[in-house]
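# Chains, contacts and geometry: an overview
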Amino acid sequence: QVQLVESGGGLVQPGGSLRLSCAASGFTFSVYDMSWYRQAPGKERELVAVISSLGGITNYEDSMKGRFTISRDNAKKVVYLQMNSLKPEDTAVYYCNARRVTTGRRYDYWGQGTQVTVSS
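### Things to note about the state of the cysteines
Counting across every chain of the model gives one disulfide. Disulfide pairing is shown between Cys22 and Cys96; the S-S distance is 2.1 Å. Classification of the bridge connecting Cys22 and Cys96 rests on its S-S torsion, roughly -80°, and on that basis the disulfide is left-handed. A residue pair is termed long-range when its members are at least 10 positions apart, and Cys22 in strand S3 (residues 18-25) and Cys96 in strand S9 (residues 92-102) qualify at 74 residues. For the residue pair Cys22 and Cys96, the accessibility class agrees, reading buried in each case.

What follows is the structure in structure tokens.
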């Protein structure tokens, strides 16, 4: 059974930091690209950051560059999102995603999300 379980969300003041974790099980973690998405109230889900299966390539949405860092530990089957200099507009539910595209097939798994609230 595929599972992605996020943790680490919570309430933080503007300028603060949080580290989100996503623990994976039930699939071959090391061959999947991993991403973090977020969805704020009344808005569409948006990509935050993505890391390639072996961790060599990362990409970030422009507003997160320099503040957020995505990383992964394939031995532990965990992907992380370090978030620094948080702003109120970063408030959202953050979702972990696992994706693999092969010839003719696409595999897409999602976690249940973790709430991040940035407020004073």
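### Some thoughts on the pattern of salt bridges
Across all of its chains, the model carries six salt bridges by this definition. Of the charged contacts, one joins Arg38 and Asp90 as a salt bridge, the two residues approaching to 2.9 Å between their closest N and O atoms. Placement of Arg38 in strand S4 (residues 33-39) and of Asp90 in the loop between strand S8 (78-83) and S9 is noted, with a sequence separation of 52 residues between them. Here the two residues Arg38 and Asp90 agree in accessibility, since each one is buried. Here Asp62 and Lys65 are joined by a salt bridge, their closest N and O atoms 3.2 Å apart. Ionic contacts of the salt-bridge type, sharing partners, join the residues Arg38, Glu46, Arg67 and Asp90 into one network.

### Describing the packing of aromatic side chains
On inspection of all chains with the given rule, the structure shows five aromatic pairs. Both rings, one in Phe27 and one in Phe29, keep their centres 6.4 Å apart while their planes meet at 50°; by these two values the pair is tilted. Each member of the pair, Phe27 as well as Phe29, carries the same accessibility label: buried. Taking NZ or CZ as reference, Arg72 lies 4.5 Å from the ring centre of Phe29, over its face.

Conventions used here
Residues numbered from 1 in each chain as written. Predicted model: local features only at pLDDT ≥ 70, side-chain atom pairs only at ≥ 80, totals over all residues. Heavy atoms only, no water. Disulfide = S-S within 2.5 Å. Helix = DSSP H or I, 4+ residues; strand = E, 2+ residues; numbered from the N terminus. Buried < 20%, exposed > 50% of the residue type's maximum accessible area, 1.4 Å probe, protein only. Salt bridge = Lys/Arg side-chain N within 4 Å of Asp/Glu carboxyl O. Phe/Tyr/Trp six-rings, centres within 6.5 Å; stacked < 30°, edge-to-face > 60°. Lys NZ or Arg CZ within 6 Å of the ring centre and 35° of its normal.

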